[in-house]
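Spelled out, the chains give:
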Amino acid sequence: MSILATKDTYVVIQGGLAGVNAARRMAEFCYMNKQPLNVSAFVYPPDAGKTNDVVCGTELVPIPIYKTVADATANHPEINTSLVYIGANRAYQGTMEALDDPKIQTVSMITEGVPEKDAKLLGKHARKLGKTFNGPSSIGVVSAGECRLGVIGGAFDNLVACKLYRPGSFGVITKSGGLSNEIIWICSQFADGITTAIGIGGDAYPGTDYVSYLEMFENDPQTKAVVLVGEMGGDLEEGAAEWYGAKKRRIKLLAVVSGFCQESLPKGMKFGHAGAKEGLKGEGSARSKAEALKKSGANVPETFGALGPAIKATYEELLKSGAVKAIPDLAPVDMPRLPKTVAEAKKDGEVLVAPLIRSTICDDRGDEPLYQGYPASELINAGYDIPHVIGLLWDNRLVSKQEAEIIKRIIMLSADHGPCVSGALTTVIAACAGIGLSQAVAAGMIMIGPRFGGAVTDAGRWFKYAIDNKLTVDDFLVYMKKNVGPVPGIGHRVKSLRNPDKRVKELVRHVKSLGMKTPHLDFALEVEKITAAKKDNLILNVDGTMAAVLVDIGFPVDSLNGFFVLARTIGMIGHWTDQKRQGSRLIRLFDYLVNYASPKRREVPKLK
Amino acid sequence: MAKVLEGPGMGLLRKWGISTPNYVVVTSNEEFEELSKVNDWFKKSKLVVKAHEALGSRFKLGLVKVGLDLAAAKSAVKEMLGKQLESITIREVIVSEAIDHKEEYYASVKSTREGVDVMVTTYGGVEVESNWEKVKKLAVEIGESPTDAQLATLSKDAGFSGDTAKKIAEFLKKLYTCFDNEDAQYLEINPVVQNHSGDLVALDAVTLLDGDAKFRHKDWAFPFAAEFGRAYTTNEEEVMAVDAKVKGSVKLIEIPGGNIAMLPAGGGASVYYSDAVVARGGKLANYAEYSGDPPDWAVEVLTDKVCSLPNIKHIIVGGAIANFTDVKKTFGGIINAFGEDLGAAWRSQ
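Below, the structure is looked at part by part. (Residues numbered from 1 in each chain as written. Chains lettered and ligands numbered in written order. Predicted model: local features only at pLDDT ≥ 70, side-chain atom pairs only at ≥ 80, totals over all residues. Heavy atoms only, no water.)

What follows covers the interface of chain A and chain B. Of the residues lining the interface, 60 residues belong to chain A; the matching set on chain B comes to 42 residues. Of the roughly 4,000 Å² buried between chain A and chain B on both sides combined, carbon and sulfur atoms contribute 60%. Run the count over chain A and chain B and you get four salt bridges. Two residues, aspartate 180 of chain B and lysine 117 of chain A, come together in a salt bridge whose shortest N-O distance is 3.3 Å. Remark: the boundary between chain A and chain B carries 26 residue pairs in polar contact (both at pLDDT 80 or more). (Contact = heavy atoms within 4.5 Å. Buried area = accessible area lost by both parts, 1.4 Å probe. Salt bridge = Lys/Arg side-chain N within 4 Å of Asp/Glu carboxyl O. Polar contact = N/O pair within 3.5 Å; in protein donor to acceptor, adjacent residues only side chain to side chain.)

Before going further, it helps to spend a moment on helix H3 (residues 91–99) of chain A. Burial in H3 of chain A covers these residues: Ala91, Gly94, Thr95, Met96, Ala98 and Leu99 of chain A. Next to the buried residues of H3 of chain A lie strand S1 (11–15), helix H2 (69–75), strand S5 (81–85), strand S6 (106–109), helix H4 (116–129) and strand S7 (132–134) of chain A. (Buried < 20%, exposed > 50% of the residue type's maximum accessible area, 1.4 Å probe, protein only. Helix = DSSP H or I, 4+ residues; strand = E, 2+ residues; numbered from the N terminus.)

Right, let's talk about empty space enclosed by the protein for a bit. All told, the structure shown has three cavities of 30 Å³ or more when counted by the stated rule. Lys117 and Lys120 of chain A together with Val116, Ile142 and Phe179 of chain B are, among the 17 residues lining the largest cavity, the residues nearest its centre. Elements represented by at least two residues in the lining of the largest cavity include exactly H4 of chain A together with strand S9 (115–121), strand S10 (136–141), helix H6 (162–181) and strand S11 (184–194) of chain B. Tallied by class, residues from the lining of the largest cavity come to six nonpolar, four polar and seven charged. (1 Å grid on protein atoms, 1.4 Å probe; cavity = no way out; pocket = protein on both sides within 12 Å on 5 of 7 lines; lining within 4 Å. Points joined across faces, edges and corners; volume = space filled by probe spheres on them. Nonpolar A, V, L, I, M, F, W, Y, C, P; charged D, E, K, R; others polar.)

Two side chains carrying opposite charge are able to pair once their charged atoms lie near each other. Residue and element names in this part refer to chain A. Throughout the structure, instances matching the rule amount to 48 salt bridges over all chains. Aspartate 363 is paired through a salt bridge with arginine 365; the nearest N and O atoms lie 2.8 Å apart. A relative accessible area of 73% places arginine 365 in the exposed class. Linked by salt bridges that have partners in common, Glu405, Lys408, Arg409, Glu506 and Arg509 make up one network.

So this is what it looks like as structure tokens:
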């Protein structure tokens, strides 16, 4: 047996995210006890009509969300309890709504900082209706083996450690949420555990006092003793003392009260919970409460530390008198366990998962990414630069200083080529149409292909083919004409021998000045000599030059277009921000820029 | 609870139709000068000058001066403003009009579990302490209001008669209305006096409001004052500012003279930890508490403040079994701050 929260308790949770978290914790408790989830519905108007999926064991249970408590109880007639997780400024209305619902008998409120007047009105309304309003600021209620309302009891391991999967003999009533958990644990270690533990909340005027719950415990045969954890302030402990002393009670009462430190502090200094305040005339002090409880016959240990032994002594008396029988502990294998997530099982070495992808370049699982094993920040501090990162991520190696300089120059030379080229123009048109940065740049990027900027890889591939197969320039040109077509990397739309591309000249000059071996570049320049002699504009273009140089320093052919893509991204971002900065408007082509070559207007034939 | 200083407290009384003496709160001599030019009562009446800070025993400290003419008031303001009392500087002074009177009465309204108690006695002023049993009380249930007849009876029971009894009943009605509408927890008027035309005037007010109800009182533009007879310290104010910003709570109260610093978790457990220190003869240097799953940086700020307390020998960190606080995270905040603060302390040695 238990009180307030039982096997037959079904719950509606009023509120958003915090309520969903509570439901998750409640589901863990239900799973531990092999019970179905006792949360039937949520009330949260912004999400009405949707569901919250609550993890219950190995399943996700969809719990419907309603606009009103009435909707929830109409659809789930088993509901008899509401948990309030609504903010302090709206908690009053929400709680009234729950109290006024004829199906609901108990309302427990976790909300902190509820105005005192609201709490008092709610308490009075509940008493008038003969219902229980627990809280505000209540951590919840838990009945071992039966029901958990709210997050009381903490994490799953603690629920098991506190033996909350089966009832003991001790009731617990506390104002403090954290201490409720501590006392539950103490009861499970020094005695046989709890029947029900209730957090009544630390406010000055909680909706329900100790006496109401003491009465319930007195009428619950399973409960043999009750541990009451009080605080200075208010008069609830005095009320409990009066109740206990009024006549012979079946239950034993153990109590501690906090706030003795107050005696050695400046007067009026307020500690702890909102309700923990000594009265103006000294009433409600820890000492007067402890005295009252002692006088009533309750067992009042001098300190909190002595509570455990006192509980133990009480339990031993109960054992001796035959009022309780010792409950054998569960064997470790029978202890309830939550199903592990894949991540947890993996960590414990219990499961093998076939990976979905394989990565050889970067590991981000630590506190910073490792590029080929090198921490990014350490690379920076050691003086490495962007070209080295490119080397690590594109070719799995640290490039030399000399190679880094070449890569840097290639990127600088091809970062942009004005607004008229396909990529930049497309980005500009997109920017003028109000398209965002990443999409507009991606639109420009789509232009990179066989005719614009995308010839680097192909140029590299065929120059490499020539060198690998030791072809002469003539053999190469014959092979290309027969099997491939025009040589990628050769030819330019506007540049020619008489109007050379300065970027090409500059790059060639630099690379040649280094004294390194450049078989591909040399070959490409030989090809240019022949082709340019045939036609003025069949020169080695910037794609071809980059390709030859990058193959010379060892980059894989497939990565080569990446250099143009990377470099030109800089330019395209520039074009987009340029248009944005100017507030450019939508553009369209003028009619006169189109050669309308379609048929003139004519009769539409009859549809056959 | 949230204490409100006299100035804004009187403002709330006036809002609900209770007469108070004319008063101004000034923060500089120039302000006093300006106001004395435009307000007739500065010249016509005797004046009272009081330090407007959350201080106990202002009389003893010489921070209340009565029966002053304008010149004397001016020099009293000058003397009080900027005065240093331990950690507190007097930043505000309240100047009010003295009201000639014979009798002094006492009236208060106090929150109780069932509702409110309305209390009144003819033994006002300093006499109330020694005549507490003469105070007559009317208990009003929450959600109800006292009727005129009830208040009339209360006023007669307390020993008022004739026109005064009627006026006291009206006064109590206004006081109750103020209490109820302003989400007050305690209102005490001592003394209530009759001015020369026989009207009741509230000469001094103790006002405690429910800080949790601030969300529905947009006109509470005043700051809340510390309730323990001194103003908040800079450390306390900084922790309060963090507390106001975060989920969960962080709290700090400094206790001068102690040498054991406290850094426990939980509103309930923190007090038991403090009790345990006191029970063993220790002297607390502070009260602190964090709870409700606060962010690690908030706990780090609190830890910093605790570490900065003067003359501390020990810092006690503890708590109960957490319900939903991510203990790994909150301890992360403590460890970060310890790392920095203890590191700094070692380096300085």
